[in-house]
Amino acid sequence: MTQNDKTNPTGSNPLLGVEEHVQGFLQVREAHRRELIDDYVELISDLIGEFGEARQVDLAARLGVSQPTVAKMLKRLAAAGLVVQMPYRGVFLTPEGEKLAVESRIRHQIVESFLLALGISPETARRDAEGIEHHVSDETLEIFRRFTEQGRNPA
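Residues numbered from 1 in each chain as written. Predicted model: local features only at pLDDT ≥ 70, side-chain atom pairs only at ≥ 80, totals over all residues. Heavy atoms only, no water.

- Named according to an unreviewed UniProt entry, the protein is Transcriptional regulator MntR originating from Chimaeribacter coloradensis.
- For the record of the protein, the UniProt heading Subunit (unreviewed entry) holds the text "Homodimer."
- UniProt annotates the protein under Function (unreviewed entry) with the comment "In the presence of manganese, represses expression of mntH and mntS. Up-regulates expression of mntP." (UniProt positions renumbered as here; feature names shortened; annotations may be inferred.)

This is the structure:
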């Protein structure tokens, strides 16, 4: 009997092979890495749309973090070419940053629509979509999209 043939003590699915485990964990780590970046650029885009600019103080308040935490992340985003900071003004997205914000917003809307179609309350769907959007694969996201657009028949 190989390691893949063994069932776990609870009687559930057998242990995955090493490579399958590695791929799963790599996907999760990459999602965690992108999660903050996506959240920041999406919020910056929303604030610019609402107020004409995004200020550090507003980002900190809405993300529930300190201003030094925001400042550190904005430096990372600037180094990645996603934002520019203007003295005495605020933070603005580069074209690449705006593209990422739009993509993130679309992912969120697809996941939230899917959860709503399942009967999840609007408040819970909004909150849950905020986490799921970063971890769902493009393949699964496409099925979610088709499910909601085709009246719950993803085929």
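Structure shown, so let's carry the discussion forward.
## Some words on the nonpolar core
For step 1, the next point in the chain: Counting 19 residues, the largest nonpolar core has Val41, Ile44, Leu59, Leu74, Leu77, Leu82 and Val83 as the members making the most contacts within it.
For step 2, the next point in the chain: With six residues, the single largest contributor to this core is helix α1 (residues 18-51).
For step 3, the next point in the chain: Filtering out sequence-adjacent residues up to four positions away, Val83 remains in contact with Ile44, Leu74, Leu77, Ala78, Val91, Phe92, Leu93 and Thr94.
For step 4, the next point in the chain: By size, the runner-up hydrophobic cluster in this structure holds eleven residues, among which are Leu115, Ala117, Ala129 and Val136. (Core = buried A, V, L, I, M, F, W, Y, C linked by side-chain atoms within 4.5 Å. Buried < 20%, exposed > 50% of the residue type's maximum accessible area, 1.4 Å probe, protein only. Helix = DSSP H or I, 4+ residues; strand = E, 2+ residues; numbered from the N terminus. Contact = heavy atoms within 4.5 Å.)

## Digging into helix α3 (residues 67-79)
For step 1, the next point in the chain: Taking 1.5 Å as the rise per residue, α3 with 13 residues should run 18 Å; its terminal C-alpha atoms sit 18 Å apart, in good agreement.
For step 2, the next point in the chain: Where α3 is concerned, the buried positions are Val70, Met73, Leu74 and Leu77. Angular distribution of buried residues about the axis of α3 spans 105°; they occupy a single face of the element. In α3, the exposed positions angled more than 90 degrees off the buried face are occupied by Pro68, Lys72, Lys75 and Ala79.
For step 3, the next point in the chain: Phi turns positive, to about 80°, at Gly81, one or two residues after α3. (Expected span 1.5 Å × (residues − 1). Arc of directions from axis to C-beta.)

## Structural notes on unusual backbone geometry
For step 1, the next point in the chain: Although it is not a glycine, Tyr88 adopts a positive phi angle of roughly 65°.
For step 2, the next point in the chain: Its place among the elements puts Tyr88 in the loop between β1 (83-85) and β2 (91-93).
For step 3, the next point in the chain: Take Tyr88: its relative accessible area is 87%, and that puts it in the exposed class.

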